[in-house]
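Examining the three-dimensional arrangement
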Amino acid sequence: MINVGVIGCGQWGPNHIRIFTQLPNTRSTVCADLSEQRLAAIKTSFPHIQTTTDYQDILKNPDIHAVCIASPTNTHFDLTREALESDKHVLCEKPLALQEKECSYLKDLSIKRNKILMVGHVFLFNVGIVRLKEYVRCGELGRVYYAHATRTNLGPFRYDVSALWDLAPHDIAIFNYVFDSAPLRVSARAQRCLDTPRDDLAFGTLEYPGNIMAHIHISWIDPKKIRQITIVGEKKMITWDDLDDIGPIKLYDKHVEKTNVCYKTYGEFRLLSKEGGITIPKIESREPLEVQDQYFIDCIERRVPADIADADKARAVVRTLVAMQESIDRQGACVGL
Ligand SMILES: NC(=O)c1ccc[n+]([C@@H]2O[C@H](COP(=O)([O-])OP(=O)(O)OC[C@H]3O[C@@H](n4cnc5c(N)ncnc54)[C@H](O)[C@@H]3O)[C@@H](O)[C@H]2O)c1
């Protein structure tokens, strides 16, 4: 039985508590939050769980094997470091830290302490994203020309980080995973539309090896909740829509037969652009957070590194975020990585 302590019981932490309570071989026994009010709410939903306002109670408890950190981003590095120093396995919410060197430090510490360190890049455990990667990897799309991601909604607003640092980690982690690489160069612009301390809107362009251009649009101030990705290849095109009830993946048998041809009429153009059918593969749905947290527990039990979302993957995301932030600060200048 793996006992997990959860630090941070705001909007997201209770989801981890629910899942660690449900998973076999796992117990969510103690949780910590600075707010007595939040802890009272947790006690109502999970009467079995012990609560504390001092996370040290979790770190000093020898019966707790692993810690899940779901506190604000600016606390991630210190809490993860202290948890590893207390010989706990750690699952930390994204992004792992605010600087690349902090991710490297935590990686080295986890190796030294022989503990699993994993980051909550939950979309890497989303079956639709896993299928997206399979289509790209097996060459179904042919050479990839470009990709774009949209992640928008009206809120929820965060006060510890900007919309870029809140939402873009998901799409950067997805693109790094799908293309099995990391960006070579980035540029980004951001804006503070509302009277809040942080940018609530950002557009970023990431250049991946193989001349793949990937674009990210993230916003806290948008009329629609959208979680979509499009990848355009020379043979086929694919879309992922996390909120589509029919199925998240659509594979479009569409491409242009020949390039470098000037067409004189619309009819000639239609001969050149091949418009085939759309395939919607059946994809079994499972809550990605449950898959992620189960994987964390499996890695602890089997004593294998959490390769899918380890400190290296976390560092690549943080490195990209830092470069995008630098580009924003320099009005969209191209920043090499
Ligand atoms: N993977 C995802 O899809 C996803 C979704 C939402 C949030 N998150 C991540 O989860 C984390 C938390 O997000 P949230 O929306 O729940 O934020 P939140 O602000 O609602 O909750 C954070 C909680 O942490 C508590 N806290 C702060 N410092 C603490 C400390 N030292 N000890 C104990 N508790 C402490 C706060 O009191 C608060 O209740 C963030 O890193 C966020 O990026 C991930």
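Since the structure is predicted, the reported quantities are computational estimates derived from the model, not experimental observations.

1. Side note on the pairing of strand β7 (residues 144-154)
Two elements, β7 and strand β11 (residues 221-233), share 9 bridges in a ladder whose sense is antiparallel. Residue pairing across strands places Arg-151 opposite Arg-227, the latter belonging to β11.

2. Topic: the side chain of Thr-320
One can find Thr-320 in helix α10 (residues 311-329). Not counting chain neighbours up to four residues away, the residues in contact with Thr-320 comprise Ile-172, Pro-183, Val-186, Leu-206 and Leu-337.

3. Examining the layout of surface pockets
If you add up the space inside the largest pocket, you get close to 1,400 Å³. For the largest pocket, the lining is made up of 50 residues, of which Gln-11, Trp-12, Lys-94, Arg-158 and Asp-166 are closest to its centre. Considered class by class, the residues forming the lining of the largest pocket number 20 nonpolar, 17 polar and 13 charged. If you count residues domain by domain, the lining of the largest pocket takes at least three from each of domain 1 (2-123 + 288-304) and domain 2 (124-287 + 320-336).

4. Description of the nonpolar core
Core analysis: the largest hydrophobic core is formed by 98 residues, its most contacted members being Phe-179 and Ile-231. Ranked by residues supplied to this core, first place goes to helix α7 (residues 163-179) with 12 residues. Each of two domains, domain 1 (2-123 + 288-304) and domain 2 (124-287 + 320-336), supplies a minimum of three residues to this core. Not counting the four nearest positions on each side in its chain, Ile-231 is found in contact with Leu-132, Val-136, Leu-141, Val-144, Tyr-146, Ala-147, Val-178, Phe-179, Met-237 and Ile-238.

5. Details of the site of the ligand
Near the ligand there are 21 residues, and of these Trp-12, Asp-33, His-76, Lys-94 and Arg-158 occur at the shortest range. At 3.0 Å, a side-chain N or O of His-76 approaches an oxygen atom of the ligand. In this structure, a nitrogen atom belonging to the ligand sits 3.2 Å away from a side-chain N or O atom of Glu-93. In the complex, 82% of the free accessible area of the ligand, which totals 840 Å², lies under the protein chains. For the ligand, the cavity whose grid points lie within 2 Å of the majority of its atoms is the largest pocket. Within the shell around the ligand, the residues separate by chemical class into 8 nonpolar, 8 polar and 5 charged.

6. Considering the pattern of salt bridges
For the structure on display, the rule yields 18 salt bridges. Residue Arg-286 pairs with Glu-290 through a salt bridge whose shortest N-O separation is 3.1 Å. Of the residues examined, Arg-286 reaches a relative accessible area of 35% and is grouped as partly exposed. Each of Asp-78, Arg-81 and Glu-85 takes part in a single network of salt bridges with overlapping partners.

7. Concerning the sheet that holds strand β12 (residues 237-241)
One open sheet accounts for 9 strands, arranged β14-β13-β12-β11-β7-β10-β9-β8-β15; its pairing is mixed. Every other strand in the sheet has two partners, leaving β14 (273-279) and β15 (335-336) as the edge strands with one partner each. In terms of strand pairing, β11 meets β12 through 5 bridges, oriented antiparallel. Among the inter-strand pairings, Val-232 is bridged to a residue of β12, identified as Met-237.

8. Remarks on the sheet that holds strand β5 (residues 89-93)
In a beta sheet, neighbouring strands are held together by backbone hydrogen bonds and run either parallel or antiparallel to one another. Spatially, the 6 strands line up as an open sheet ordered β3-β2-β1-β4-β5-β6, and their pairing is parallel. This sheet does not close on itself; its edge strands, each paired only once, are β3 (50-52) and β6 (117-120). The mean inter-strand angle of the sheet, taken between neighbouring strand axes irrespective of direction, is 25 degrees. Relative to β6, β5 runs parallel, the two sharing 4 bridges. Residue pairing across strands places Cys-92 opposite Val-119, the latter belonging to β6. Contacts between helix α1 (residues 13-22) and the sheet are confined to β1 (2-7), β2 (26-32), β4 (66-69) and β5, with β2 contributing the most and set at about 150 degrees to the helix.

9. Digging into α1
For α1, the set of buried residues is Gly-13, Pro-14, His-16, Ile-17, Ile-19 and Phe-20. Residues of α1 that are buried make contact with β1, β2, α2 (36-45), β4, β5 and α9 (288-302).

10. Quick notes on the side chain of Gln-292
By the element assignment, Gln-292 lies in helix α9. Since its relative accessible area comes to 0%, Gln-292 is described here as buried. Of the polar contacts made by the side chain of Gln-292, one reaches the backbone nitrogen of Val-122; its length is 3.3 Å. Aside from chain neighbours lying at most four places away, what touches Gln-292 is His-16, Leu-91, Met-118, Gly-120, His-121, Val-122 and Phe-125.

Conventions adopted
- Residues numbered from 1 in each chain as written.
- Predicted model: local features only at pLDDT ≥ 70, side-chain atom pairs only at ≥ 80, totals over all residues.
- Heavy atoms only, no water.
- Pairing = 2+ DSSP bridges.
- Helix = DSSP H or I, 4+ residues; strand = E, 2+ residues; numbered from the N terminus.
- Contact = heavy atoms within 4.5 Å.
- 1 Å grid on protein atoms, 1.4 Å probe; cavity = no way out; pocket = protein on both sides within 12 Å on 5 of 7 lines; lining within 4 Å.
- Points joined across faces, edges and corners; volume = space filled by probe spheres on them.
- Nonpolar A, V, L, I, M, F, W, Y, C, P; charged D, E, K, R; others polar.
- Domains from an automatic or database assignment.
- Core = buried A, V, L, I, M, F, W, Y, C linked by side-chain atoms within 4.5 Å.
- Buried < 20%, exposed > 50% of the residue type's maximum accessible area, 1.4 Å probe, protein only.
- Near = heavy atom within 4 Å.
- Polar contact = N/O pair within 3.5 Å; in protein donor to acceptor, adjacent residues only side chain to side chain.
- Areas by Shrake-Rupley, 256 points an atom, 1.4 Å probe, with all protein chains shown as cover.
- Sits in = over half its atoms within 2 Å of the grid points.
- Salt bridge = Lys/Arg side-chain N within 4 Å of Asp/Glu carboxyl O.
- Axes fitted to C-alpha atoms, helices over the stretch in contact; angles between N-to-C directions.

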